[in-house]
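# Structure at a glance
As a plain string of letters, each chain reads:
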Amino acid sequence: MTETKQSIHGAWSSRFAFILAATGSAVGLGNIWKFPYITGENGGGAFVLVYLLCVALIGIPIMIAETMMGRRGRQSPINTMQTLARDAGADESWHYLGWLGVVTGFLILSYYSVIAGWAISYVFKSLSGSFYGDGDSVDHIAKLFDGFIGSPMQLVFWHSLFMLATMAVVVRGVQGGLEKAVRFLMPSLFALLLVMVGYAMSSGAYQQGLDFMFDPDFSKIDGHSILTAMGHAFFTLSLGMGAIMVYGSYLPKGVSIAKTSFIVAGADTAVALLAGIAIFPIVFANNLEPSSGPGLIFQTLPIAFGQMSGGLIFGTLFFILLVFAALSSSISLIEPAVAWLVENHNITRKKACVWAGLLTWLLGLGTVFSFNIWSDFKLFDRTIFNLLDYLTANLLLPIGGFFVAVFAGWIMLRQHSEEELEIGSAPAYDLWRFLVRYVSPAAVFLVFLNVVGVL
Ligand code: PFF
């Protein structure tokens, strides 16, 4: 029966369309904005190595599991989990895993949209020549950034614009526009990152940047860095909250899930590494601090754009592409909630989008103010933005991913996952099963234990 089952929300037109959409979800602010600044905060090479290990051993097996579960369930993650649990003769409370994902998606999107708003504003800053100033360019770019994030009105404006854009895409459903946009977006983003790497090569600190990223010094990491690296593997691959599951639910039969997962994870990792290779040489060449936090790319790249020939065009193009990369991710953050509202509340997609969008927008104000008028307000020693980021990326996504692995490895019938994955070779299937049964959950668990000081 599952052979012919279709999602009521539509389907991708081909395997390539799914790869594009999933890559669109994975590649976003996480790669270009977050990866460089957390690498900078966590000392470079050793952190990068742990992150790569997490992508390979935890991320890819869980991506295969999430896609497979989505395609088998063919509904929003909440309903998919309920159906799959029922099929496996397990307790239906597994559907709370879907709920966890919906809540996590709202929380992430609330701050994601604010940062994407920064990127939109930087498109206009670049176009209007704001990256060119008299005197010291480092100082000029730092002032530009500080003045900007200090203004709540500006941040609210750009955040609102990004939320509107997100909802405008989600309202049309999965195939409307998204496939075509990502088809053009990904190669362009890649090309522009290569231009930036070219610039970094001539910055005079290229080797220093490479050493920082790829020469591991294990004394620079601790349990918290390892947790951040693991959390980022989930974040950057869009795992642990149902985004990839809901995209999997629109995937036609007969597509190799394992192969597509490798391609998506590979493309995602390549973009993150390229972003790092482009940014760190600029950081060192200008005597900036790699650990300067969430403002890192906004404080470094404009210096480069301000100095390079054609910088106005490249700078503008770069931030435009960053906005689109963020957009193709943000829609996947809210799609699980919208799909569920349509399925269970019998409301139109449009209404579902309005409600989900409004709620996220409102939550986003917390992040906006945490950079200015509420910057002294701390909970657990963190600003609202830092708290949301920590809670979602370091805790909720790994917890969600842990349970996805446990479900795929231990609860789902072997016959079902085997059927759905259609991995031709038995050893390859066994390897995947071994990873989701033992390696991925144990790794997540150990990282958590390590952080709370039990290990
Ligand atoms: N993977 C996206 C990025 O790296 O920017 C962010 C993201 C999208 C996280 C979807 C989680 C998610 F479910």
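Residues numbered from 1 in each chain as written. Predicted model: local features only at pLDDT ≥ 70, side-chain atom pairs only at ≥ 80, totals over all residues. Heavy atoms only, no water.

### A look at the overall build of the protein
Scanning the protein from terminus to terminus reveals 18 helices and 0 strands. The globule rule puts the C-alpha radius of gyration for 455 residues at 23 Å, and the 21 Å found for the protein is close to it. On the principal axes, the C-alpha backbone points of the protein span a range of 70 × 50 × 40 Å. Counting only contacts in the protein whose residues sit at least 6 apart along the sequence, the fraction spanning at least 24 positions is 83%. Carbon and sulfur atoms make up 66% of the accessible area of the protein, which amounts to about 17100 Å² in all. (Helix = DSSP H or I, 4+ residues; strand = E, 2+ residues; numbered from the N terminus. Rg over C-alpha atoms; globule rule 2.2 N^0.38 Å. Contact = heavy atoms within 4.5 Å. Areas by Shrake-Rupley, 256 points an atom, 1.4 Å probe, with all protein chains shown as cover.)

### Comments concerning the site of the ligand
If you check the shell around the ligand, you find 15 residues, and the closest are Ala26, Gly30, Tyr112, Phe235 and Met241. At a separation of 3.1 Å, an oxygen atom of the ligand approaches a polar backbone atom of Leu29. Between a nitrogen atom of the ligand and a side-chain N or O atom of Ser238, the distance comes to 3.0 Å. Contact with the protein chains covers 100% of the free accessible surface of the ligand, which is 340 Å². At the level of elements, α1 (15-26), α2 (29-41), α10 (223-236) and α14 (311-345) are the ones that each hand at least two residues to the shell around the ligand. Here the residues of the shell around the ligand are counted per class, giving 7 nonpolar, 8 polar and no charged. (Near = heavy atom within 4 Å. Polar contact = N/O pair within 3.5 Å; in protein donor to acceptor, adjacent residues only side chain to side chain. Nonpolar A, V, L, I, M, F, W, Y, C, P; charged D, E, K, R; others polar.)

### Some words on helix α7 (residues 152-171)
Over its 20 residues, α7 runs 28 Å from end to end, which matches the ideal 28 Å to within 8%, given 1.5 Å per residue. What α7 keeps buried is the set Pro152, Leu155, Val156, Trp158, His159, Ser160, Phe162, Met163, Thr166, Met167 and Val170. Buried positions along α7 lie against α5 (95-127), α6 (137-149), α14 and α15 (349-370). Backbone geometry just after α7 places Gly173 at a positive phi near 85 degrees. (Expected span 1.5 Å × (residues − 1). Buried < 20%, exposed > 50% of the residue type's maximum accessible area, 1.4 Å probe, protein only.)

### Concerning the side chain of Asn79
Counting through the fold element by element, Asn79 comes out in helix α4 (residues 77-87). Of the polar contacts made by the side chain of Asn79, one reaches the side chain of Glu343; its length is 2.5 Å. Setting aside residues no more than four positions away along its own chain, Asn79 makes contact with Trp340, Glu343 and Asn344.

### Side note on helix α13 (residues 296-307)
Between the first and last C-alpha of α13 there are 17 Å, a value that for 12 residues agrees with the 16 Å anticipated at 1.5 Å per step. Summarising burial for α13: 10 of the 12 residues are buried, a large majority. Looking only at α13, the buried set comprises Leu296, Ile297, Phe298, Gln299, Thr300, Leu301, Pro302, Ile303, Ala304 and Phe305.

### What to know about the environment of Val451
Mapped onto the secondary structure, Val451 falls in helix α18 (residues 426-451). In the structure, Val451 is positioned 226 residues away from Ser225 in sequence and 9.2 Å away in space, judged by C-alpha atoms. Not counting residues up to four positions away in its chain, the partners in contact with Val451 are Gly223, His224 and Leu227.

### Description of the side chain of Ser440
Within the secondary structure, Ser440 sits in helix α18. With relative accessibility at 0%, the residue Ser440 sits in the buried group. When neighbours within four sequence positions are excluded, Ser440 is seen to be in contact with Leu57, Ile58, Pro61, Ile62, Ala405 and Leu435.

### Let's talk about the nonpolar core
Within the largest apolar cluster, 166 residues are counted, with the highest numbers of intra-cluster contacts made by Met69, Trp118, Phe298, Phe318, Phe319 and Trp432. Top contributing element to this core by residue count: α14, with 17 residues. When sequence neighbours within four positions are dropped, the list of residues in contact with Phe318 reads Ile32, Leu192, Leu193, Leu301 and Phe305. (Core = buried A, V, L, I, M, F, W, Y, C linked by side-chain atoms within 4.5 Å.)

### With respect to the pattern of salt bridges
Scanning the entire structure with this criterion turns up 11 salt bridges. Salt-bridge contacts for Glu92 lead to Arg86; the nearest nitrogen and oxygen are separated by 3.0 Å. A relative accessible area of 31% places Glu92 in the partly exposed class. For the salt bridge of Lys143 with Asp139, the shortest nitrogen-to-oxygen distance reads 2.9 Å. Here Lys143 and its partner Asp139 are both found in helix α6, 4 residues apart, which amounts to about one turn of the helix. A relative accessible area of 55% means that Lys143 is categorised as exposed. (Salt bridge = Lys/Arg side-chain N within 4 Å of Asp/Glu carboxyl O.)

### What to know about the packing of α5 against α6
Packing of α5 against α6 leaves a shortest axis separation of 12 Å and a crossing angle of 130 degrees. Accordingly, the angle class assigned to the pair α5 and α6 is oblique. Along this stretch, α5 crosses α6, giving a crossing that reads as right-handed. Only Leu144, Phe145, Phe148 and Ile149 of α6 make contact with α5, whose side of the interface consists of Trp118, Ser121, Tyr122 and Lys125. The residue inventory of the contact of α5 with α6, partitioned by class, reads 6 nonpolar, 1 polar and 1 charged. (Axes fitted to C-alpha atoms, helices over the stretch in contact; angles between N-to-C directions. Parallel < 35°, antiparallel > 145°, perpendicular 65-115°, else oblique. Left-handed = near helix turned anticlockwise from the far one by under 90°.)

### Here we look at the packing of aromatic side chains
This model, assessed by the stated rule, comprises 35 aromatic pairs. Geometrically, the ring pair formed by Trp118 and Phe371 is edge-to-face, given 4.9 Å between the ring centres and 70 degrees between the ring planes. You can see Trp118 sitting in helix α5 and its partner Phe371 sitting in the loop between α15 and α16 (384-411), a full 253 residues away along the chain. Seen in terms of ring centroids, Phe371 and Phe385 are 5.1 Å apart; in terms of plane orientation they differ by 40 degrees. Their pairing is tilted. With Phe371 in the loop between α15 and α16 and Phe385 in helix α16, the pair connects residues that are 14 residues apart, well separated along the chain. With respect to burial, Phe371 and Phe385 carry one shared label: buried. Here Lys34 stacks its cationic end above the ring of Phe235, 4.5 Å away from the centre of that ring. The ring centre of Trp410 lies 3.8 Å from the NZ or CZ of Arg437, which sits over that ring. (Phe/Tyr/Trp six-rings, centres within 6.5 Å; stacked < 30°, edge-to-face > 60°. Lys NZ or Arg CZ within 6 Å of the ring centre and 35° of its normal.)

### Observations concerning unusual backbone geometry
Positive phi, close to 50 degrees, is recorded for Phe380, a residue that is not glycine. If you trace the backbone, Phe380 turns up in the loop between α15 and α16.

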